[in-house]
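One letter stands for each residue in the lines below.
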Amino acid sequence: MILTSFLRALGQMADPRFRSVLLRGVGLAALGLFAVFALFVWSIGWFIGDSVTLPWIGAVSWIDNVASWAAIPLMLLLSVFLMVPVASAITSLFLDDVAQAVEDRHFPQIGAAVPVPISDSLRDSAAFLGVLIGANIVALALYFALPPFAPFIFWALNGFLLGREYFTLAAIRRVGRTRAREMRRRHMPTIWIAGTLMALPLSVPLVNLLIPVMGAATFTHIFHRLNARAA
């Protein structure tokens, strides 16, 4: 079931609605990171001021420029790590379009889903971003403590988080939040394995930006197949 769902989602990646969601998510994430970078550089200049008085040297007027230029490689390095989770969180605001595209093509008989309120989408996306970043920061300790197992810890952790998020997104549109939570608990082994499949490419640059769209499409298929079993 997992492999079939993945291959069907992969076969639909050329769908214009998939591309639209991907471009919106990546574009807004890039703009957001650039805005944070600009604010960070401006804050350094404002905090340091036009000149700094150093003991035995006197007033020095070039420190703010040095600090601002030094911030550039730091922010570029951080953006490499932040781009994927930020893009994932922003893209998740539009993943309802991906799920609907899958249903229009593969499940046309079920009709339109109940739209998730934008306030709920914003809250869920912020919560997912926070959990994703927080869990991976905590996992750094395990990476250093158990270096040979670091890739497996990374895949297992992010597979759990991605599976949980994308299955909930697919299910909540059709059966509501409470029923989605019940189904997620009942089918967690399947969801975790499928989420791990989504987590494997996370360390591959550029490919990892496709994961939110691919994950939403795959888990839409998985939800409908699990739901059909329970009917």
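Definitions and limits used
Residues numbered from 1 in each chain as written. Predicted model: local features only at pLDDT ≥ 70, side-chain atom pairs only at ≥ 80, totals over all residues. Heavy atoms only, no water. Helix = DSSP H or I, 4+ residues; strand = E, 2+ residues; numbered from the N terminus. Contact = heavy atoms within 4.5 Å. Areas by Shrake-Rupley, 256 points an atom, 1.4 Å probe, with all protein chains shown as cover. Expected span 1.5 Å × (residues − 1). Bend = angle between axes of the 7 residues up to and from the residue. Salt bridge = Lys/Arg side-chain N within 4 Å of Asp/Glu carboxyl O. Buried < 20%, exposed > 50% of the residue type's maximum accessible area, 1.4 Å probe, protein only.

A. Quick look at the overall build of the protein. Along the backbone of the protein there are eight helices and two strands. Start at the N end of the protein and walk to the C end: the helices and strands fall as α-α-β-β-α-α-α-α-α-α. A separation of at least 24 residues holds for 77% of the contacts in the protein among residues at least 6 apart in sequence. On the protein, roughly 12700 Å² of surface is accessible, and the fraction owed to carbon and sulfur atoms is 73%.

B. Seen up close, helix H6 (residues 150-186). In this model, H6 (37 residues) spans only 28 Å end to end at C-alpha, well below the 54 Å of a helix rising 1.5 Å per residue. At Val175, H6 shows its maximal kink, close to 125 degrees.

C. Quick peek at the environment of Ser121. Inspection of the secondary structure assignment puts Ser121 in helix H5 (residues 118-145). Taking C-alpha positions, Ser121 is 5.9 Å from Leu93, a pair spaced 28 residues apart along the chain. Here Ser121 is in contact with Leu93 and Val116, once residues within four sequence places are set aside.

D. View of the pattern of salt bridges. Counted by the stated rule, this structure contains six salt bridges. For Arg173, the salt bridge is made with Asp96, and the minimal N-O distance between the two is 2.3 Å. Of this pair, Arg173 sits in helix H6 while Asp96 sits in helix H4 (residues 95-106); the two residues are 77 residues apart in sequence, bridging distant segments of the chain. Classification of Asp96 by relative accessible area gives partly exposed; the value is 29%. In this structure, Arg174 engages Glu103 in a salt bridge whose closest nitrogen and oxygen atoms are separated by 2.6 Å.

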